[in-house]
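Structural overview for review
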Amino acid sequence: MTLFFSVLFLTACFHPKVPPVLPVPVNIYTVKAQNVFYFDKYPATLVAMNQVDLRPQVQGYITEISFTEGSHIRKGQPLYTIDRQLYQENYDLAKANLDVAHGNLKQAQQDADRYTYLNTYDAVAKQVLDHAAIALQNAKNMIKAAEQTLKMAETNLNYSVIKAPFDGTIGFSQVKLGNMVIVGQTVLNTISSDDPVGVDFLISEKQLSHFENLKKIQEHSIDSLFTIILPSDSVYPHVGKIAIIDRAVDPQAGTIRIRAVFPNPDYSLRPGISCVLRVHNQETGPRMVVPSKTVVEVMGEYFVFLVKDTVARDLSDTTKTHAAQMAIQKKVITGQTIDASVIIKKGINVGDRIVVDGVQSLHTGSVIALAKKGDADKSKKGKAGSGATQGTPSKSE
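Observations regarding the overall build of the protein
Counting its regular elements, the protein contains 5 helices and 24 strands. When the 397 residues of the protein are sorted by exposure, 34% land in the buried category.

Spelled out as structure tokens, the structure:
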């Protein structure tokens, strides 16, 4: 029993020596402020300012198609012709009926005048005079009815030729020669205006006041306030301006739609194209810009590692200390990304030193050392000592 307690006591008093870990090799960047030129970018879609589906207003068979699909058309240009024979006959009949009504009116007018004259000499019965007056009024009413019938027939005849409602580009025809079309149901084609074009994009409700101000001052702003990048990654040569800010914010998404307009003189922009709308930054004064690789994202928040001077225990003699540097994680608010850099809005100050390479191996309190050539790359690959520190710093400034 005495032997057992002696072994237990010796085991409890024995503390195996943990070998110290080398500092994490890193590169350091000193934060500077500089004037920057950048754009805020928003995914956007090109839309037509005016677009309409062509539907027939009379029924019949398509007898003529008078345009080239996909071409630019002018307002009033004939596009489709629906069999006009029936509508032409109805028009001719209505016109003939109007002529008959005019003849009946002339006869009724003569009878009414004659009986009125005879009535002055009491040479005609009162009843006959009354009937003549009624016949005259009916003849006048028949004229109005015949005129309305003629207008309706003329309207239907005109509707048998479908014309372009505005200047624009017409798409593929949905019907062919000989197809029967139904009033208000059959879609013949779609026309969209092409100059100017709209660019629709969404912003958050927090940005609404900023864009309201941009809409007010855009006439006095720089020329490149609004530009777009096409799917080919080329910048569209013409600049635009805000045309419409939607009436309400989407309560579910917290966004609001804005439409900018751009000239399209050569009709190169087509509705439906996805693009990127660029808004020229209006911020003045120097901005803090750091390399993008210094910023670490954790659950939607962004952090950098600040370099702080401290002291650490020596590797050879743990009773002694020496000057060292320690990494401290700091939350930041980021702004626009510019190439391989990012703007920092809040969280650090000009002159602060931050870790550039080796951030994957760090946590708050890690002791670091300026990397020699190739050391930072090794630390990224998870060499021994990544994420560990050289002891515990005894003092930080």
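Considerations on the pairing of strand S16 (residues 274-280)
Here S16 lies mainly inside the structure; 5 of its 7 residues are buried. Across 7 bridges, strand S3 (residues 39-48) lies against S16 in antiparallel orientation. Within S16, the position partnered with phenylalanine 39 by the bridge is histidine 280. Of the strand pairs in this sheet, strand S13 (residues 226-229) and S16 are connected by 4 bridges, and their pairing is antiparallel. Across the sheet, the residue bridging to threonine 227 is arginine 278, located in S16.

A short note on the packing of aromatic side chains
Scanning all chains against the criterion turns up 6 aromatic pairs. An angle of 40° between the planes, with centres 5.6 Å apart, marks the rings of tyrosine 42 and phenylalanine 201 as tilted. Highlighted residues: tyrosine 42 in strand S3 and phenylalanine 201 in strand S12 (residues 197-204), separated in sequence by 159 residues. Since its relative accessible area comes to 9%, tyrosine 42 is described here as buried.

With respect to the pattern of salt bridges
If you walk through the whole model with that rule in mind, you get 6 salt bridges. In this structure, lysine 176 engages glutamate 69 in a salt bridge whose closest nitrogen and oxygen atoms are separated by 4.0 Å. Taken together, the positions of lysine 176 in the loop between strand S9 (168-170) and strand S10 (180-181) and glutamate 69 in the loop between strand S5 (60-65) and strand S6 (72-73) put the pair 107 residues apart, joining distant regions of the chain.

A closer look at the side chain of serine 173
Relative to the elements of secondary structure, serine 173 occurs in the loop between S9 and S10. Engagement of the side chain of serine 173 in a polar contact is seen with the side chain of tyrosine 80, the distance being 2.7 Å. Ignoring anything within four residues of it in the chain, the contact list for serine 173 reads Ile65, Phe67, Glu69, Tyr80, Leu188 and Asn189.

Some points on the sheet that holds S3
Judged by pairing direction, the sheet is antiparallel, and its 6 strands sit side by side in the order S13-S16-S3-S12-S15-S14 without closing on themselves. The open sheet is flanked by S13 and strand S14 (241-245), the only strands paired with a single partner. Ignoring which end each strand starts from, the neighbouring axes of this sheet average 40° apart. Most of the contacts of helix H4 (residues 208-217) go to S14, to which it runs at about 125°, and overall it touches S3, S12, S13, S14, strand S15 (255-262) and S16.

Some remarks on the side chain of arginine 278
With respect to the helices, strands and loops of the structure, arginine 278 is situated in strand S16. Not counting residues up to four positions away in its chain, the partners in contact with arginine 278 are Phe39, Asp40, Lys41, Leu225, Phe226, Thr227, Ile229 and Val235.

Thoughts on unusual backbone geometry
For the bond from aspartate 195 to proline 196, the omega torsion is 5°, close enough to zero to count as cis. Here proline 196 lies in the loop between strand S11 (189-192) and S12. One non-glycine residue, aspartate 233, adopts positive backbone phi at about 70°. With respect to the helices, strands and loops of the structure, aspartate 233 is situated in the loop between S13 and S14. Assessed through its relative accessible area of 66%, aspartate 233 is described here as exposed. Positive phi, close to 60°, is recorded for tyrosine 267, a residue that is not glycine. Relative to the helices and strands, tyrosine 267 resides in the loop between S15 and S16.

Quick notes on the rules
Residues numbered from 1 in each chain as written. Predicted model: local features only at pLDDT ≥ 70, side-chain atom pairs only at ≥ 80, totals over all residues. Heavy atoms only, no water. Helix = DSSP H or I, 4+ residues; strand = E, 2+ residues; numbered from the N terminus. Buried < 20%, exposed > 50% of the residue type's maximum accessible area, 1.4 Å probe, protein only. Pairing = 2+ DSSP bridges. Phe/Tyr/Trp six-rings, centres within 6.5 Å; stacked < 30°, edge-to-face > 60°. Salt bridge = Lys/Arg side-chain N within 4 Å of Asp/Glu carboxyl O. Polar contact = N/O pair within 3.5 Å; in protein donor to acceptor, adjacent residues only side chain to side chain. Contact = heavy atoms within 4.5 Å. Axes fitted to C-alpha atoms, helices over the stretch in contact; angles between N-to-C directions.

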